[in-house]
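# Residue-level structural notes
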Amino acid sequence: MAFTRATGKHRRPSRMKRTTAQAAGVAALTTTGVLGTLAAPALADEPAAEQTGLLPVITIGDSVAEQIDAQAAAQQQAAAEAEAEKKAEAAAKKRAEERAKEAREAKERAAREAERKRLNTYVSPISGSYVSTGYRSGGALWSSGSHTGVDFHAASGTPVHAVGSGTVVEAGWGGAYGNQVVIKMNDGTYTQYGHLSSFAVSVGQTVTPGQQIALSGATGNVTGAHLHFEARTTAEYGTDIDPVAYLRSHGVGI
C-alpha cells in the first residue's frame, strides 16, 4: 500500500523556518548593542538554539522585546537630553560673551566721554592762588597805561598750568613779559603766561587742561615774582580781553 506525503495548507511548517524568522530580528538587535544584558536572563528559559550550519537560531519572548524597546527609548531620551544641555550651554556662553562685549563697549564709551569732558574743561593757571592785580589797572608800570591782563600771586618756581587744551604758538623771550608762553586754545582764543622763570613746552606742542607748562618767576618788567596771565582774540599784543571773565565763562571759579 502506497503512502503519499502531506502537502498544501495541511503541511505543518518546519521548526527551522519558525525559529529562523525570530533569529533575524534578534540578529538585527544584537548588532546595534541594544539587546545587551537584557536578553541574557530571558533567553535562559528559551529552547536551546538549533544549529543550521549557517546561523545560530535564537527564540525570544515578548517580555524581552519590550525590555529592549524600553532600553532603546531610554537611550534616545538620554541622547536628546544631552544634546539639549549642550545647546543650552552654548547659548549661555554666547549670552555671556555678548554681555561682556556690551560692558566693555560701555566702559570704552564712558572713558571717551570722560576724556572729552576733561579736554573741554578749563582750570586756573596757578592752583590755589588769587588775582593780586586786576585787569585794566592803571599806572606807569605798563607801557599802554593800563594792565592788559591779571597778575596771579605766586612765589618764584610755582608750577604754571595750561588753562585748557590748545597748541603752543610761542615759547621764549617776550621783552617786557620776560620768558613767556602763548597758547592757541581749541576754541580759537589765545592765552599768555608771562614773567616765567622757565618753561617746559615748545612751539607746536599740544597741551591739555592742567598740564604744567612752566614755572613762575620775575623775568622782564616786574617788581617781584608773580604770573602775568592774559586772554586774547589773537596772538598779538593789544587784542586782550578780560581774563577773569574769560576763565569764568569756561567754568573756572575765581
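Read on for a plain summary of the structure. (Residues numbered from 1 in each chain as written. Predicted model: local features only at pLDDT ≥ 70, side-chain atom pairs only at ≥ 80, totals over all residues. Heavy atoms only, no water.)

### Examining the pairing of strand β10 (residues 212-216)
Pairing analysis gives 3 bridges linking strand β5 (residues 159-161) to β10, with the strands arranged antiparallel. By the bridge assignment, His 161 is partnered in β10 with Gln 212. (Pairing = 2+ DSSP bridges. Helix = DSSP H or I, 4+ residues; strand = E, 2+ residues; numbered from the N terminus.)

### A look at unusual backbone geometry
Residue Arg 136 is not a glycine yet carries a positive backbone phi of 65 degrees. One non-glycine residue with positive phi stands out, namely His 195, at about 65 degrees. Here His 195 shows up in strand β8 (residues 190-199).

### So, the pattern of salt bridges
Between side chains of opposite charge, pairing is possible as soon as their charged atoms come close. Overall, the coordinates contain 4 salt bridges when judged by the stated rule. The residue Arg 116 makes a salt bridge to Glu 113 at a minimum N-O spacing of 2.6 Å. Here the residue Arg 116 and the residue Glu 113 both occupy positions in helix α3 (residues 62-119), the gap between them amounting to 3 residues, near one helical turn. Exposure remark for Arg 116: the relative accessible area of 43% places this residue in the partly exposed category. On the basis of relative accessible area, Glu 113 is assigned to the partly exposed category, the value being 32%. Of the charged contacts, one joins Arg 232 and Glu 230 as a salt bridge, the two residues approaching to 2.9 Å between their closest N and O atoms. For the pair Arg 232 and Glu 230, one class covers both residues: buried. (Salt bridge = Lys/Arg side-chain N within 4 Å of Asp/Glu carboxyl O. Buried < 20%, exposed > 50% of the residue type's maximum accessible area, 1.4 Å probe, protein only.)

### Describing the side chain of Ser 165
Locating Ser 165 in the fold gives a position in the loop between β5 and β6 (166-173). A polar atom in the side chain of Ser 165 sits 2.7 Å from the backbone oxygen of Leu 119. Leave out the neighbours within four places in its chain, and Ser 165 touches Leu 119, Lys 184, Met 185, Asn 186, Val 207, Thr 208 and Pro 209. (Polar contact = N/O pair within 3.5 Å; in protein donor to acceptor, adjacent residues only side chain to side chain. Contact = heavy atoms within 4.5 Å.)

### Topic: the side chain of Thr 148
Position of Thr 148 among the secondary structure elements: in the loop between β3 (131-133) and β4 (150-153). Among the polar contacts made by the side chain of Thr 148, one reaches the side chain of Tyr 177 at a distance of 3.4 Å. At 2.5 Å, the side chain of Thr 148 forms a polar contact with the side chain of Glu 230. In contact with Thr 148, not counting residues within four places along its chain, are Tyr 135, Tyr 177, His 228, Glu 230, Tyr 237 and Asp 240.

### Looking at the pairing of strand β11 (residues 226-232)
A large share of β11 lies buried, amounting to 7 of its 7 residues. Side chains His 226, His 228, Glu 230 and Arg 232 of β11 all project onto a buried face; the interleaved residues Leu 227, Phe 229 and Ala 231 project onto the opposite face, where all are buried too. Pairing of β4 with β11 involves 4 bridges; the strand directions are antiparallel. Each bridged residue has a counterpart across the sheet, and for Asp 151 the counterpart in β11 is His 228. Across 5 bridges, the pairing between β8 and β11 is antiparallel. Residue Tyr 190 lies in a different strand from β11, and its bridge partner there is Arg 232. Examined bridge by bridge, β11 and strand β12 (residues 240-241) share 2 bridges and lie antiparallel to one another. By the bridge assignment for β12, Arg 232 is matched with Asp 240.

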